[in-house]
Amino acid sequence: MTSRLSQIKGKRFPCEEGCNPFAQTGRSKLQNQRASLNQQIIKEMRMRAGAENLLKATSNNKVKEMVLLELSYVNANLQLLMGQLEGLNSSVEVYQNSQETANIPLIALGLKETKEINFSTPFKDFILEHYSEDGNSFEDEIADLMDLRQACRTPSRSEAGVEMFAKYYGHLPLIETRFFSPNRQTGIFFTWYDSFTGVPVCQQNLSLEKASILFNMAALYSQIGTRCDRQTTAGLEEAISSFQKAAGVLNHLKETFTHTPSYDMSPAMLSMLIRMMLAQAQECLFEKIVLPGIANQFYSLMKMAQEAAKVSENYDQVHQSMIQTPIKDNVPFFWSTMSQVKTNHYRSLAHYFVASALLDHQLGPNDDEDKQEKTLSQVYDRLPEGRSPLDILKKKEERERIGKAHIRRAILGHEEALRIYGLCHHLNKLDILEEILKASHQRSLKKQSEHENEEQFADFTEMEVPATTKVKVTDFFQRLGPPSVFSAKQWWTPPRTIRLCPADRDLGFTLKGESPVQVVSLDPLCSAAADGLKEGDYIVAVGETDCKWLGVSDVMRLLKDIDGEGIDIQVVSVMESNPPMPTKSATFCGNLPKTYSMICLAYNDDDKNHKSRKVSKKSSFLSWGLKNKLKSASTLSLPTADHSGSQPWNKPCPTFPSSSSYNNNSVL
């Protein structure tokens, strides 16, 4: 143990490095613009706060008129800045794979911005005052901590970036134990900007720092997921895993930090973000299943209908979350519109697959009648009165009538998706999305013109907490001693030197404990007691050997062979605690003290049913499996933005609810 401590002492840990903050990549430019906007927003908020205070303080009408004019100007500037920030959150194209030419874009979260923090002076002073050690001897450790935090501001978009977040997050409990006493403030302020509004939040405790690091870890996972090559199976599997991990981190954040005073980390917003990450994982699953092509068989087509409908159902839940108060006022309009487009698009695909199964395939004498009947009966909650699955399968006219109804629903759904696409100018920049929507619409029109296996359906809506959030770290300030004893919660006396001169090889006291060891059963007449040793003292050094991490056997070994001249030991004592101070930490928004509105904390659409919320009832598509190992003579390919046809736009998803947009004209 002694040799290990001697190696650590005086040796600086290798510092972490993030991406070059000046690199001119699309993502770095976007993040630099976000940081600049945050600074402008806080400047305008300070001006607005000053103008409002002046308006309350003055009784001069002319001054009031001037202040009101200034307020209107400031508010207009704030609106413009908020609009620009929303535009940055809508810039999804910079996060996509550079080779992406045939897939609908996915949404990635932007990283929260923070201010730099200098731990050097506060930590050095605290080490000197609290632990009675030279703070300057810990310059390397403090520098390593600051380097690690700085690197977390520009992480690489890879597992290495996630691991760096996890390392810093792992150090925060140790730092909190060492330096953040409940009885005194360190004077260190942690400032983080809201990802959606740009409003700054500032606190002196580490809760905001921990929560923000978790949010950025989830955001980085979402960026990794959008970057994956979705034209390969491996890329789609990585994307699915990344979005699941993003949802898992967000869920951990939601359950652990319930009162974080930043709106982007409120329970309601986190619930919506979790749903969005899981919906994107489900979409990538759909793409993975469809990637090799779809066999033009009854069972394969019905399976794909269920998969497409599952994606539609998930995005519909995301959209319903986004339009609820108070989320709708802060979520970018682009996000809400994109979720609507995907809801209609994938629902239309589900109708198309059902129509193809009914119109292109008839029940033959060699087909399994019971199997097809079971498959079709599980598609609907109920059939129109007087109709049964077997009647639809056996009667050609009835089969065609139901198939044509589905193809009409598919056409109407594609038209609705195109209409919604045209409402958002940010969506209009995504030419790939428009081409895919139009190709799907044309394919359904073509199908209409032509006709005036027991697998368990995969449901990728489970969250996965990545193992990297539990990474083990080495305490930067290990030389201070075990954090369970030498923490900011206990106040320590400066080290005292005691001279041990054994009489008849009896030291006059006994020791107990692991590390550090503690003096017990002290003989008040021994020489050590006369020199100032007290019961309850902790031995931190014997001679030149640091004993903070040594147990009783190691310390006794050092004391065993004391010569006649004796030896010096150093001990410290726990002082009586100071009167407890309020542990509540002030929160500052826009650099001004402000009470955080609890509406965004109390609201959680997971736990409440709102009477005003209107959600259309959907037909349930029960999970069923059909192990169909027959080889098909032909396959279907989904429409693609690649006009050469070399890249099939085919991918997987489970379940098929009926479209809520057409309840009035449903023929089923």
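Up top is the structure.
Computed from a predicted structure; not experimentally measured. (Residues numbered from 1 in each chain as written. Predicted model: local features only at pLDDT ≥ 70, side-chain atom pairs only at ≥ 80, totals over all residues. Heavy atoms only, no water.)

Trainee: Run through the packing of helix α11 (residues 333-360) against helix α14 (residues 396-421), naming residues and quoting values.
Mentor: Contact pair α11 / α14: the axes reach a minimum separation of 8 Å and the direction vectors enclose 160°. Comparing their axes, α14 and α11 come out roughly antiparallel. Note on packing geometry: the crossing formed by α11 with α14 is left-handed. The residue inventory of the contact of α11 with α14, partitioned by class, reads 14 nonpolar, 10 polar and 5 charged. (Axes fitted to C-alpha atoms, helices over the stretch in contact; angles between N-to-C directions. Helix = DSSP H or I, 4+ residues; strand = E, 2+ residues; numbered from the N terminus. Parallel < 35°, antiparallel > 145°, perpendicular 65-115°, else oblique. Left-handed = near helix turned anticlockwise from the far one by under 90°. Nonpolar A, V, L, I, M, F, W, Y, C, P; charged D, E, K, R; others polar.)

Trainee: Kindly report on the nonpolar core, identifying the contributing residues and their values.
Mentor: The biggest cluster of nonpolar side chains holds 129 residues, and the ones touching the most others in it are F123, L273, W335 and F477. No other element matches helix α9 (residues 267-290), which puts 15 residues into this core. Discounting chain neighbours no more than four positions away, the residues touching F123 are I142, L145, I175, F179, F180, I188 and F477. If you look at the next biggest cluster of nonpolar residues, it comprises 21 residues, including V517, L522, A529 and L550. (Core = buried A, V, L, I, M, F, W, Y, C linked by side-chain atoms within 4.5 Å. Buried < 20%, exposed > 50% of the residue type's maximum accessible area, 1.4 Å probe, protein only. Contact = heavy atoms within 4.5 Å.)

Trainee: An account of α11 is requested, with residue identities and associated values reported.
Mentor: In this model α11 runs 40 Å from its N-terminal to its C-terminal C-alpha over 28 residues, within 8% of the 40 Å that 1.5 Å per residue would give. Most of α11 sits inside the fold, with 25 of its 28 residues counted as buried. (Expected span 1.5 Å × (residues − 1).)

Trainee: Mind laying out the pairing of strand β9 (residues 567-572), listing which residues take part and the relevant values?
Mentor: Along a regular strand, successive side chains alternate from one face of the sheet to the other. With 5 bridges connecting them, strand β4 (residues 496-500) and β9 associate as antiparallel partners. Note that in β9 the partner of R496 across the bridge is V571. Note: strand β7 (residues 538-542) against β9, 4 bridges, orientation antiparallel. Residue pairing across strands places I539 opposite V571, the latter belonging to β9. (Pairing = 2+ DSSP bridges.)

Trainee: Lay out the packing of α14 against helix α15 (residues 431-450) in plain terms, naming residues and giving numbers.
Mentor: Contact pair α14 / α15: the axes reach a minimum separation of 9 Å and the direction vectors enclose 155°. Of the possible angle classes, the one that applies to α14 and α15 is roughly antiparallel. Here α14 runs over α15; the crossing is left-handed. Across the interface between the two elements, I407, R408, A410, I411, H414, E415, A417, L418 and Y421 of α14 pack against L433, E434, L437, K438, S440, H441, S444, L445, K447 and Q448 of α15.

Trainee: An account of unusual backbone geometry is requested, with residue identities and associated values reported.
Mentor: That bond from T325 to P326 is cis: its omega, 5°, falls within 30 degrees of zero. Summarising the element assignment, P326 is placed in the loop between α10 (298-322) and α11. Backbone torsion omega between S515 and P516 reads -5°, so that peptide bond is classified as cis. Mapped onto the elements of the fold, P516 is located in the loop between β5 (510-512) and β6 (518-520). At S132, a residue that is not glycine, the phi angle is positive and equals roughly 55°. Along the chain, S132 turns up in the loop between α4 (120-131) and α5 (139-151). Looking at S132, the relative accessible area reads 18%, which means it is buried. You will see that S521, though not glycine, has its phi angle at about 50°, which is positive. In this fold, S521 is placed in the loop between β6 and α16 (527-530).

Trainee: Give a detailed account of helix α7 (residues 207-227), specifying residues and quantitative values.
Mentor: End to end, α7 covers 31 Å across 21 residues, agreeing with the expected 30 Å (1.5 Å per residue, within 8%). Counting buried residues in α7 gives 19 out of 21 residues, a clear majority hidden from the surface.

Trainee: Which residues make up the pattern of salt bridges, and what are the values?
Mentor: Close approach of charged atoms allows side chains with opposite charge to pair. All told, the structure shown has 22 salt bridges when counted by the stated rule. One salt bridge connects E139 with K124, and the closest N-O pair in it is separated by 2.9 Å. Note that E139 is positioned in helix α5 and K124 in helix α4, a separation of 15 residues in sequence. The partly exposed category is assigned to E139, whose relative accessible area is 42%. Residues R496 and D537 are paired through a salt bridge, measuring 2.6 Å at the closest nitrogen-oxygen approach. Of the two residues, R496 sits in strand β4 while D537 sits in the loop between α16 and β7, which places them 41 residues apart along the sequence. On the basis of relative accessible area, D537 is assigned to the buried category, the value being 1%. Through salt bridges with shared partners, one network takes in E133, D546 and K548. (Salt bridge = Lys/Arg side-chain N within 4 Å of Asp/Glu carboxyl O.)

Trainee: Please provide a residue-by-residue account of the side chain of T114, values included.
Mentor: Within the element layout of this structure, T114 appears in the loop between α3 (61-89) and α4. Assessed through its relative accessible area of 7%, T114 is described here as buried. Within the local environment of T114, its side chain forms a polar contact with the side chain of R149, the two groups lying 3.0 Å apart. Only 2.6 Å separates the side chain of T114 from the backbone oxygen of T191, close enough to count as a polar contact. When sequence neighbours within four positions are dropped, the list of residues in contact with T114 reads R149, R153, T191, W192 and Y193. (Polar contact = N/O pair within 3.5 Å; in protein donor to acceptor, adjacent residues only side chain to side chain.)

Trainee: Let's hear about the packing of aromatic side chains: which residues, and what values?
Mentor: Within a pair of aromatic rings, the relevant descriptors are the distance that separates the centres and the angle that separates the planes. Applying the stated criterion to the full structure yields 15 aromatic pairs. The interplanar angle of 35° and the centroid separation of 6.2 Å between the aromatic rings of F180 and F190 together place this pair among those described as tilted. With F180 in the loop between α6 (159-179) and β1 (190-193) and F190 in strand β1, this pair connects stretches of sequence that are 10 residues apart. Exposure class is identical for F180 and F190. Each is buried. Centroid distance F486 to W492: 4.9 Å. Interplanar angle 35°. Geometry classified as tilted. Under the relative-accessibility criterion, F486 is labelled buried at 3%. The class for W492 is buried, based on a relative accessible area of 2%. Taken together, F119, F123, F126, Y131, F138, F179, F180, F190 and F477 form an aromatic cluster joined through their ring pairs. (Phe/Tyr/Trp six-rings, centres within 6.5 Å; stacked < 30°, edge-to-face > 60°.)

Fair warning: the whole summary comes from geometry, so function is off the table for now.
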